[in-house]
Amino acid sequence: MYTQALNTSDGDNSHIEDAARSANFQARIDADERIEPNDWMPAAYRKTLTRQISQHAHSEIVGMLPEGNWITRAPSLRRKAALLAKVQDECGHGLYLYAAAETLGTSREELVDLMLAGKSRYSSIFNYPTLTWADIGAIGWLVDGAAIMNQIPLCRCSYGPYARAMIRVCKEESFHQRQGFEIMVMLSKGTEEQKAMAQSALDRWWWPVLMMFGPPDKASQHSDTSTKWKIKRFSNDELRQKFVDATVPQAQFLGLTIPDPGMKQNANGNWEYSAIDWEEFNQVLAGNGPCNRDRLAARRKAHDDGAWVREAATAYAEKRKQRQHAQAAE
Amino acid sequence: MATPNMPLWEVFIRSRNGLAHKHVGSLHAADTTLALQAARDIYTRRGEGLSIWVVPSNAITASDPSEKGMMFEPAESKIYRHPTFYDVPDEVGHM
């Protein structure tokens, strides 16, 4: 309700920021108050959140592609129904997030157009291919597992609409991770060939999943202000470590080997992992991952192919409105 | 390639018999029929509702949060509107 009805002038002239308002804003954040769409906020807070929430939304939508790839080839009706429901959830998550982003004053259409033009990013993880059915298991287990680690603290983010969207998303996400892990359990208890398929999926997804948490703390460019504004409650490295510590015992249960021979448990019980290849991460972000071009091409095609539906629905609504006006005038 | 803006709707759901409709979020749709269908698909995938209202966002008039002090002042200063303002003798017991 905030995008169209209200909030038209706020934000445009907010580069001239009044120190008193900034101090008051920070005091509200420090007091753990939630910021709502029509509250005054620094232009940089608005910009950071618009970027983060819209990229999060794009990730949900683009994330439908690697999994959608296996819907028609799921090995049973049970798996197919679950995967279909999961992909539908991802779409829902994208829409909650676009709605949250819009409350900051940029319309969903503009945000989507930026993504389609390659000017707004989505999570690097979705630029990797799903080569076998085991990849669907690995995505649920690892990618959704990592996403949950990231998203649970966002339920307490200082921006109200984002926090509320994340609460809904987190409730639904837990089914995603469990269905993925169940696939991994079945495969790892199966034939040698199935077990090898599960191992290969873990080998290919492990490192890209660790990269999902973003650059190491010493190199992250957004962390400081995001922490000050309570958009971010834990650092990239803290969340990554939490994820690794939670996942190692699960891999052991499956009897699969994490593709990091140097990994060892330290005295605190934390699993220390080897150096991450950040050059690969940078290359994928720069558009040179295995599937970047395919993903964008698929989104553009879907957007263009759906244009007639949007146009027809709008034209029909307009026609009905005209007819109602004419009847009222009679 | 800019896409024209679709109208925005606010979605309210009654989750159980006897409860009020509660705001759950918003969505874009061309008309009321499509807005109701989209609300069902986006906000009730796990049986969250018995009934849905969709309301055009621009039909909502909102108070200005920056003027909440003035807006709600009349309620702030009238402590005699609360039951705890009144003394009831102990002998009377619960009232």
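Residues numbered from 1 in each chain as written. Chains lettered and ligands numbered in written order. Predicted model: local features only at pLDDT ≥ 70, side-chain atom pairs only at ≥ 80, totals over all residues. Heavy atoms only, no water.

Caption draft 1: Geometry of the interface of chain B and chain A. Each side of the interface is counted separately: chain B has 26 residues, and chain A has 30 residues. Between chain B and chain A, the buried area comes to about 2400 Å², and carbon and sulfur atoms account for 54% of it. Where chain B packs against chain A, one counts 5 salt bridges. A salt bridge links Glu172(A) to Arg45(B); its shortest N-O distance comes to 2.8 Å. Where chain B meets chain A, there are 9 residue pairs in polar contact (both at pLDDT 80 or more). When contributions to the side of chain B that touches chain A are tallied by element, the ones reaching two or more residues are strand 1 (8–14), strand 2 (22–28) and helix 1 (32–43) of chain B. Here the side of chain B that touches chain A gets 5 residues from one element, more than from any other, and that element is helix 1 of chain B. (Contact = heavy atoms within 4.5 Å. Buried area = accessible area lost by both parts, 1.4 Å probe. Salt bridge = Lys/Arg side-chain N within 4 Å of Asp/Glu carboxyl O. Polar contact = N/O pair within 3.5 Å; in protein donor to acceptor, adjacent residues only side chain to side chain. Helix = DSSP H or I, 4+ residues; strand = E, 2+ residues; numbered from the N terminus.)

Caption draft 2: A look at the packing of helix 13 (residues 292–305) of chain A against helix 14 (residues 307–329) of chain A. Residue and element names in this part refer to chain A. One can describe the packing of helix 13 onto helix 14 by two numbers: an axis separation of 4 Å at closest approach and a directional angle of 30 degrees. The orientation of helix 13 relative to helix 14 falls into the category roughly parallel. Where helix 13 approaches helix 14, its residues His303, Asp304 and Asp305 are matched on the opposing element by Ala307, Trp308 and Arg310. Residues that form the contact of helix 13 with helix 14 fall into these classes: 2 nonpolar, 1 polar and 3 charged. (Axes fitted to C-alpha atoms, helices over the stretch in contact; angles between N-to-C directions. Parallel < 35°, antiparallel > 145°, perpendicular 65-115°, else oblique. Nonpolar A, V, L, I, M, F, W, Y, C, P; charged D, E, K, R; others polar.)

Caption draft 3: Expanded view of the pattern of salt bridges. Residue and element names in this part refer to chain A. All told, the structure shown has 21 salt bridges over all chains when counted by the stated rule. Between Asp237 and Arg240 there is a salt bridge whose closest N-O contact spans 2.7 Å. Of this pair, Asp237 and Arg240 both sit in helix 11 (residues 236–254), separated by 3 residues, roughly a single helical turn. When its relative accessible area of 24% is taken as the criterion, Asp237 is described as partly exposed. Looking at Arg240, the relative accessible area reads 1%, which means it is buried. Residues joined in a network through salt bridges with shared partners are Glu67, Lys86, Glu90 and Asp144. (Buried < 20%, exposed > 50% of the residue type's maximum accessible area, 1.4 Å probe, protein only.)

Caption draft 4: Broad picture of the packing of aromatic side chains. Residues and elements named next belong to chain A. Applying the stated criterion across every chain, the model contains 15 aromatic pairs over all chains. For the pair Tyr45 and Tyr159, a centre-to-centre distance of 6.4 Å together with 75 degrees between the ring planes defines the contact as edge-to-face. Residue Tyr45 is located in helix 3 (residues 43–62), and its partner Tyr159 is located in the loop between helix 7 (133–154) and helix 8 (160–188); the two are separated by 114 residues in the primary sequence. Pair check on accessibility: Tyr45 and Tyr159 agree, each one buried. Measuring from centroid to centroid gives 6.3 Å for Trp70 and Trp133, while their planes differ by 65 degrees, and the two rings are edge-to-face. (Phe/Tyr/Trp six-rings, centres within 6.5 Å; stacked < 30°, edge-to-face > 60°.)

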